[in-house]
Amino acid sequence: MIQRPEIKPIGMPRIPHYTALSAANGTPLYALHNSSQGVVRVSFVFRAGTSYQRVPFSASTVVNTLSEGTANHSGKEIAEALDYVGSYYDANIDRDWSVVTFCMLKKFAAATLDIAEEVILRPSFPEEEIASYCAKRKEQLHVQRSKPEQISREVFGRALFGEEHPYGVTSSEECYDAITTEVLREFYLSHYNAQSTFAVISGDFGDEEQQRVCRILEGLPEGEVPERTIPEPSPTPQVRQKMEGAMQSCIKIGLPLFARTHPDFVAMQVVATAMGGYFGSRLMQNLRERNGYTYGAYAAMINLDRSGYFVMSADVAGDHTEEAVVEIFGEVERMTSEPMSAEELELVRKTIVGDVMRVFDGPFGAADVTIENIQNGEKNDYTERFLGEVAAITPERVREVANRYFQKKRFVVTIIG
Amino acid sequence: MIDYKEHKLVNGLTVLANYDECSAMAAVNLLYEVGSRDEEPSRTGFAHLFEHLMFRGTKRVPDFDLPVEEVCGENNAFTSADYTNYYITTPKENFETALWLEADRMMGLDITPEKLQVEKSVVIEEFNQRFLNRPYGEQWHCLREMVYTLHPYRSPVIGLTPDHIRNATLEDVRAFYERYYRPENAILSVSAALPAEQIFEAAERYFSVLPGRGTIERRGKVVEPAITSPRRKVIESNVPADQITIAFLMGERGTRDYYLCDLLTDLLAGGESARIYQHLVRQRQIFSAANAYITGEREQGMLILTGQLNPSVTIQEAEDALYGELERLVQEPVGDYELRKVQNKFEANITFGELNVMNKAMNLSYYRMLGDMSLLNGEVDIYRSITAEEIAEYISTHLNRNQSATLIYHRKR
């Protein structure tokens, strides 16, 4: 018989702190040095998410086509140059932010950052490339929208915030037809400026790479932090959409809440983790392990710049749809009526600590955490305070926040399939 | 570059250790050399169902996940055609909990009829979610059936049909466990800021009580006969766009042809600047998305060319365009610059793929299974040695319509 090893204390995870620098024009650069692996990552972050756009798809098309052509090079030449040195280029967008990331071997940092400078500062959005990009994306979106999970995501977003709400709106594929070089240039000029940008450099970089990134930031034009209006959400309580031939139902249940800056956010994150943030969570145990209705279920608190929401999600066997919804609301009820056991709360805490530690494994994880903290107007000590708050939370406090926000009539339910 | 030390227990368990000074985490990876290729043809999907059952508890540890969660750990597993891989990450202070759990479930499971029943439903829902309830979902079933006539790679890991999973019995579970889940058939690797000696000593403590039982009975090697005339299947279906997928049978892992095919598909589709993307997606706008890759099995895998067609393009045009790209590599062998580009990319990809403890531990087990540890850090050199002439020669002798299997999805209008 093999004895179980004793559980050793691990203490608080060490949170890497960045050095805050700024380019000559005041644009911030956060530096996280880690010399182990001979790789460097640079991310440029812009206040240019989709909620800022007036023309549908303009924000995503701008960030996705920055590399499609510049004043000096064609899109093909840029792709060639990056591929030749094996550097990764990645453009990402959400409702609030766009992020452009370059990952490179240190020995190819100079070549990669030369390209980065062009892509960030001198994109030309060539007409032919833009037309080709839009045709391709239109077709890809059409393909995506035949998949239940995509439909479910979009329907849930609209139901949660409202059809026209900047955090919920979706647009028809045909809107790509209205995208022109002019539209893109206008969005780029008003959003990619020194006042709405920051950058993060991480990995095995030296002074030279750091200076090079500062020079790129100094090339950004002066501008203003762009304006936008985020109205209150106007939720639709129930949407049920049939799909012909579907074998499963995609269920999403949630409610609009608040951003990470709200005093109850961390407590609600604990609630979400307990509901569906790890394998032993209540929804997983109920829907998958006890009932076999689904391959997986999850719950999460989603943070947006000016809002946030709680969501639970599962793709379940079509003929168990009703039972699954009943079970989910049963778990909601249990969370609001019974205080969590000390053992369960301890597991939830450990899950959260483990998740934080896993993010920091490898030279680039700290960059992701830094980006998120800066976006929320915090420093990396936020992560320490967050862990401190999680460590101090009581079962009564968990029940109290669940009880405050989980009112059945406030929930939005969408079922696709 | 991954450094490692190796140790073998008397019962046959192989243990590998990598020292990572930067990480606060330990990754514990346990690979069993059994996959869907080892299944009976009437019991496909079983290796994967079995992987799920490994999380259903033992007499001594009724809930597998709980002790992992108690040490801030995370665990998961996957099944491939060739092997089944289990992994746990924990803060390094508690890596022994992972060893204990793995040793425990190597000692015996506790599967009741009820547990088997629930797990079958979960796996059937996985089948539905990933393969049936989505457009093109059954494409791998169709393609494998066309390419493989004898080899067990004919069946995808999930299984040929949900019925095979429904029919699995407790006796099947017991026999499979007896045959494959034993120390001689397992490779344990740990990557952490821990000395190798400490890892080996702990492995001895937790695993040496397991008895070794000598050789493992395996099926004989199956050689899939070459494809000698075009195979073709057209599916009329409610898909959003037409799609073409061309598959060729290719060499085993470790052969020169394997690396050549991998490099060749990177010339075609490895990155934005690659040929298929530049020529067929951007310039000629034949496809809205296209790709070329190898499926990467240990025995004879597949080289795949695939694309989703833009609305006005015909299947014939798309097919000719893909073969046109192969033909061009024969007519004008690829230049030094382009070849160096994809070779550089392999080097970078390998570096980026070794940045955390999990990937390192997984790679250690996998390369040990392949049997040639010089490949762990040596594949870049093989990629760098491949020439344009070899690629042209390979295409002209292997990648033609007569040796292809082509699956077409035609959108119902």
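Residues numbered from 1 in each chain as written. Chains lettered and ligands numbered in written order. Predicted model: local features only at pLDDT ≥ 70, side-chain atom pairs only at ≥ 80, totals over all residues. Heavy atoms only, no water.

Caption draft 1: Summary view of the overall build of chain A. Assigned secondary structure in chain A consists of 14 helices and eleven strands. Computed over C-alpha atoms, the radius of gyration of chain A comes to 23 Å, within 12% of the 22 Å expected from 2.2 N^0.38 for 417 residues, which places it in the range of a compact globule. Reported as C-alpha extents along the three principal axes, the dimensions of chain A are approximately 65 × 55 × 45 Å. By residue count, 57% of the 417 residues in chain A fall in the buried class. At a minimum sequence separation of 6, the contacts of chain A that also span at least 24 residues come to 81%. (Helix = DSSP H or I, 4+ residues; strand = E, 2+ residues; numbered from the N terminus. Rg over C-alpha atoms; globule rule 2.2 N^0.38 Å. Buried < 20%, exposed > 50% of the residue type's maximum accessible area, 1.4 Å probe, protein only. Contact = heavy atoms within 4.5 Å.)

Caption draft 2: View of the side chain of Thr-79 of chain B. All names here are of chain B. Among the secondary structure elements, Thr-79 is positioned in strand β4 (residues 74-79). Exposure remark for Thr-79: the relative accessible area of 12% places this residue in the buried category. At a separation of 2.4 Å, a polar atom in the side chain of Thr-79 contacts the side chain of Glu-51. Those residues in contact with Thr-79 that sit more than four places away from it in its chain are Ala-47, His-48, Glu-51, Thr-84 and Val-157. (Polar contact = N/O pair within 3.5 Å; in protein donor to acceptor, adjacent residues only side chain to side chain.)

Caption draft 3: How the structure looks around the sheet that holds strand β5 (residues 98-105) of chain A. The strand order across the open sheet formed by six strands is β1-β2-β6-β3-β5-β4 (chain A), and the pairing between neighbours is mixed. Only two strands of the sheet have a single neighbouring strand rather than two, namely β1 (19-22) and β4 (88-93) of chain A. Recorded for the sheet is a direction-independent mean angle of 20 degrees between the axes of neighbouring strands. Where strand β2 (residues 28-33) of chain A and strand β6 (residues 197-203) of chain A come together, five bridges link them in parallel fashion. Across the sheet, residue Ala-31 of chain A finds its bridge partner in β6 of chain A, namely Ile-201 of chain A. Strands β3 (39-46), β4 and β5 of chain A of the sheet are contacted by helix α12 (residues 336-352) of chain B, whose axis makes an angle of about 105 degrees with β5 of chain A. (Pairing = 2+ DSSP bridges. Axes fitted to C-alpha atoms, helices over the stretch in contact; angles between N-to-C directions.)

Caption draft 4: Here's a closer look at the sheet that holds strand β6 (residues 186-192) of chain B. Residues and elements named next belong to chain B. Strands sit in the order β1-β2-β6-β3-β5-β4 across an open sheet of six strands; the sheet is mixed. Looking along the sheet, the strands with just one partner apiece sit at the ends: β1 (5-8) and β4. Looking at each pair of strands side by side, their axes are set apart by 15 degrees on average, direction ignored. Alignment of β1 against strand β2 (residues 14-19), held across four bridges, turns out to be antiparallel. Across the sheet, residue His-7 finds its bridge partner in β2, namely Val-15. On the sheet, helix α3 (residues 95-107) packs against β3 (25-32), β5 (84-91) and β6 and is oriented at approximately 15 degrees with respect to β3. The strands touched by helix α13 (residues 357-370) within the sheet are β1, β2, β3, β4, β5 and β6, with β3 carrying the most contacts at an inclination of about 25 degrees.

Caption draft 5: Layout of the state of the cysteines. Following the criterion strictly, the structure yields zero disulfides over all chains and no others. Here Cys-22 of chain B stays free of any disulfide, with the sulfur of Cys-103 of chain A as its closest cysteine sulfur at 17 Å. Residue classification places Cys-22 of chain B among the partly exposed residues on the basis of a relative accessible area of 40%. (Disulfide = S-S within 2.5 Å.)

Caption draft 6: Broad picture of the packing of helix α4 (residues 127-144) of chain A against helix α10 (residues 275-283) of chain B. Where α4 of chain A meets α10 of chain B, the axes come as close as 10 Å, and the angle between the chain directions of the two elements is 85 degrees. In terms of orientation, α4 of chain A lies roughly perpendicular with respect to α10 of chain B. Residues Glu-129, Ser-132 and Lys-136 of chain A of α4 of chain A form the contact with α10 of chain B, whose own contacting residues are Tyr-277, Val-281 and Arg-282 of chain B. In the contact of α4 of chain A with α10 of chain B, the residues fall into two nonpolar, one polar and three charged. (Parallel < 35°, antiparallel > 145°, perpendicular 65-115°, else oblique. Nonpolar A, V, L, I, M, F, W, Y, C, P; charged D, E, K, R; others polar.)

Caption draft 7: The arrangement of the pattern of salt bridges in detail. All names here are of chain B. This structure, assessed with the given rule, holds 70 salt bridges over all chains. In this structure, Lys-360 and Asp-20 form a salt bridge, with 2.8 Å as the shortest nitrogen-oxygen distance. Highlighted residues: Lys-360 in helix α13 and Asp-20 in the loop between β2 and β3, separated in sequence by 340 residues. What you see here is one network of salt bridges that share partners, running through Glu-33, Arg-37, Asp-38, Asp-82, Arg-219, Arg-298 and Glu-299. (Salt bridge = Lys/Arg side-chain N within 4 Å of Asp/Glu carboxyl O.)

Caption draft 8: Region of the structure containing the confidence of the model for chain B. Mean pLDDT over chain B works out to 95, with 100% of the residues at or above the 70 mark. Taken together, the chains of this predicted complex give a pTM of 0.92 and an interface ipTM of 0.87. (pLDDT = per-residue confidence, 0-100.)

Caption draft 9: Region of interest: unusual backbone geometry. The phi angle at Phe-125 of chain A is positive, at roughly 45 degrees, despite the residue not being glycine. Locating Phe-125 of chain A in the fold gives a position in the loop between α3 (109-121) and α4. Of the residues examined, Phe-125 of chain A reaches a relative accessible area of 0% and is grouped as buried. Although it is not a glycine, Tyr-136 of chain B adopts a positive phi angle of roughly 65 degrees. Relative to the elements of secondary structure, Tyr-136 of chain B occurs in the loop between α4 (113-132) and α5 (139-147). Classification of Tyr-136 of chain B as buried rests on a relative accessible area of 5%.

Caption draft 10: Representation of the nonpolar core within the structure. By size, the foremost hydrophobic cluster in this structure holds 75 residues, and its most contacted members are Met-268, Phe-310, Met-312 and Phe-406 of chain A. By residue number, the principal contributor to this core is helix α8 (residues 265-276) of chain A, which donates nine residues. Discounting chain neighbours no more than four positions away, the residues touching Phe-406 of chain A are Leu-255, Met-268, Val-271, Phe-310, Val-332, Met-335, Thr-336 and Phe-411 of chain A. Counting 58 residues, the second-largest nonpolar core is a separate cluster that includes Val-15, Ile-88, Trp-100 and Ala-168 of chain B. (Core = buried A, V, L, I, M, F, W, Y, C linked by side-chain atoms within 4.5 Å.)

Caption draft 11: Looking closely at the pairing of strand β10 (residues 308-317) of chain A. Residue and element names in this part refer to chain A. Here β10 lies mainly inside the structure; ten of its ten residues are buried. Relative to β10, strand β8 (residues 248-256) is paired through nine bridges, and the arrangement is antiparallel. Of the residues in β10, the one forming a bridge with Gly-254 is Val-311. Summarising the sheet, strand β9 (residues 294-303) and β10 pair through eight bridges and their orientation is antiparallel. Bridge pairing links Ala-300 to Val-311 in β10. Hairpin connection, β9 to β10: the antiparallel pair is bridged by four residues.

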